[in-house]
Amino acid sequence: MRCGKMAAAAPSVPAAGAAWVPVLFISSILCWSYYAYVTQLCLFVCLVAYHIFFMLFVWSYWKTIFTLPMNPSKEFHLSYSDKESLEREPRGESQQEVLRRAAKDLPIYTRTMSGAIRYCDRCHLVKPDRCHHCSVCDKCILKMDHHCPWVNNCVGFSNYKFFLLFLAYSLLYCLFIAATDLQYFIKFWTNGLPDTQAKFHIMFLFFAAAMFSVSLSSLFGYHCWLVSKNKSTLEVFRAPIFHHRTDKNGFSLGFSKNLRQVFGDEKKYWLLPVFSSLGDGCSFPTCLVNQDPEQASTPGGLNSTCKNENHLFPAKPLRDSQSHLLTDTHSWSDIGAKAEKGKVGMSNPALTMENET
């Protein structure tokens with residue numbers, strides 16, 4: 001079964017018109033910059049390179065805006081009878097049993113701050129790892145990073161690569177304009193340009209390109225760091241919790257594997273805004289299951305958790321598209337069998353329902 005499905009409806013909050021204002025602003029700046037550079041500055045030698053950056057910028061921006069975010073599939077939704085049980089029974093052991101039954105075969109490892117299974121009472125589903133409910137879209141989004149007003153869309157598993165390329169190509173676009181416009185900007189202040197309308201376009205073109213270059217460089221650098229650590233923006237502010245244990249590097253597999261999770265194995269697609277990310281967005285390799293030798297340091301106490309066959313996380317099979325990221329030769333089913341054997345007589349303490357966005 002395919003684990004992720006595309007959202008069926010556009011966000012209703014905020015109002016559609018207001019939500020598109022930032023996108024229209026960026027689009028207007030982009031159109032004006034094209035006019036100012038191509039028709040007013042008109043550097044024929046640079047126009048080929050300029051149009052390459054321009055097309056990649058527009059392509060990646062378009063894909064970021066119009067790629068629908070992915071939502072958890074039906075296997076994560078509670079059945080009708082389970083939903084009735086949750087609504088009928090008070091919070092307690094009965095609700096724990098409902099969530100225990102719903103989550104026992106799902107590939108989930110993260111918990112809430114109190115150790116409960118992550119459950120969304122708005123979407124009525126058990127949240128996959130790294131999935132969060134977006135209050136703007138009013139949907140649970142797979143591997144949600146943030147809701148970006150500049151693209152009027154949630155940035156998550158389905159379009160995070162496009163968002164990174166959008167930042168990269170917009171930064172290159174601005175730097176290229178600033179570099180090629182600099183000499184004419186200097187001439188403007190030294191009265192070396194003829195007194196025409198073009199001189200004002202040249203001046204404001206340089207100012208806009210330089211200003212956006214500064215802001216984009218910091219934002220792009222931040223997201224490069226997130227990719228290298230296999231984190232999302234939300235996970236920086238609230239580290240994932242694995243069975244009452246907070247581990248900010250729980251999903252990090254080493255730099256090369258972290259990079260491949262976002263950009264894929266086919267390097268020829270890395271610089272193009274086409275989807276090539278690994279996995280399905282619902283299950284992710286974690287060092288709690290297989291310790292990666294590329295990871296330089298491990299948080300205190302994590303090694304014992306990874307190596308202890310009696311850890312309380314039932315081993316769940318990863319999707320086939322992700323299993324090759326793990327280097328351990330033991331299969332997950334073998335690990336699961338050992339874990340179940342070691343847990344005879346033990347109860348699962350982390351199955352209280354808790355609402356969490």
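As named in an unreviewed UniProt entry, the chain is Palmitoyltransferase, taken from Chrysolophus pictus. We quote the UniProt Subcellular location (unreviewed entry) comment for the chain here in full: "Membrane". Its UniProt record gives the chain a comment under Catalytic activity (unreviewed entry), which states: "L-cysteinyl-[protein] + hexadecanoyl-CoA = S-hexadecanoyl-L-cysteinyl-[protein] + CoA".

(A) Inspection of the overall build of the chain at higher detail. Each helix and strand counted, the chain has 12 helices and 12 strands in total. A separation of at least 24 residues holds for 69% of the contacts in the chain among residues at least 6 apart in sequence.

(B) Looking closely at the sheet that holds strand β11 (residues 245-246). Taken in spatial order, the 3 strands of this open sheet run β3-β10-β11, and their pairing is antiparallel. Each edge of the open sheet carries a strand with a single partner, namely β3 (110-111) and β11. In this sheet, β11 lies alongside strand β10 (residues 241-242) in antiparallel orientation, the contact comprising 2 bridges. Bridge pairing in β11 links phenylalanine 242 to arginine 245.

(C) Quick peek at the UniProt feature "transmembrane region" (unreviewed entry) in the chain. When the UniProt feature table is mapped onto this chain, "transmembrane region" (unreviewed entry) is found at residues 12-35, 41-62, 162-180 and 200-222. Taken end to end, residues 200-222 is 100% helix and 0% strand, and its first and last C-alpha atoms sit 34 Å apart.

(D) Region of interest: the packing of aromatic side chains. Considering all chains together, one arrives at 23 aromatic pairs under this definition. The interplanar angle of 5° and the centroid separation of 4.4 Å between the aromatic rings of tyrosine 37 and tyrosine 50 together place this pair among those described as stacked. Taken together, the residues tyrosine 37 in helix α2 (residues 21-41) and tyrosine 50 in helix α3 (residues 47-66) connect sequence positions 13 residues apart. Pair check on accessibility: tyrosine 37 and tyrosine 50 agree, each one buried.

(E) Local environment of the nonpolar core. One finds Tyr37, Tyr50, Tyr61 and Tyr160 to be the most contacted residues of the largest nonpolar core, which totals 45 residues. For this core, the secondary structure elements donating two or more residues are α2, α3, α6 (160-189), α7 (198-229) and α9 (255-263). Here the element with the most residues in this core is α6; it accounts for 15 residues. Among residues more than four places away in sequence, those in contact with tyrosine 160 are Asp145, Val155, His223, Leu226, Val227 and Val262.

(F) Representation of the environment of cysteine 174. For cysteine 174, the position within the fold is in helix α6. Its relative accessible area of 9% is what places cysteine 174 among the buried residues. For the pair formed by cysteine 174 and alanine 209, sequence separation is 35 residues and the distance between their alpha carbons is 4.6 Å. Ignoring anything within four residues of it in the chain, the contact list for cysteine 174 reads Ala209, Phe212, Ser213 and Leu216.

(G) Representation of unusual backbone geometry within the structure. At lysine 143, a position not held by glycine, the phi torsion is positive, near 45°. Within the secondary structure, lysine 143 is located in the loop between β7 (139-141) and β8 (146-148). The exposure class assigned to lysine 143 is buried, which follows from its relative accessible area of 12%. We note that asparagine 230 has phi near 55°; this positive angle belongs to a residue other than glycine. Along the chain, the position of asparagine 230 falls in the loop between α7 and α8 (233-237).

Reading the values: rules and limits
Residues numbered from 1 in each chain as written. Predicted model: local features only at pLDDT ≥ 70, side-chain atom pairs only at ≥ 80, totals over all residues. Heavy atoms only, no water. UniProt positions renumbered as here; feature names shortened; annotations may be inferred. Helix = DSSP H or I, 4+ residues; strand = E, 2+ residues; numbered from the N terminus. Contact = heavy atoms within 4.5 Å. Pairing = 2+ DSSP bridges. Phe/Tyr/Trp six-rings, centres within 6.5 Å; stacked < 30°, edge-to-face > 60°. Buried < 20%, exposed > 50% of the residue type's maximum accessible area, 1.4 Å probe, protein only. Core = buried A, V, L, I, M, F, W, Y, C linked by side-chain atoms within 4.5 Å.

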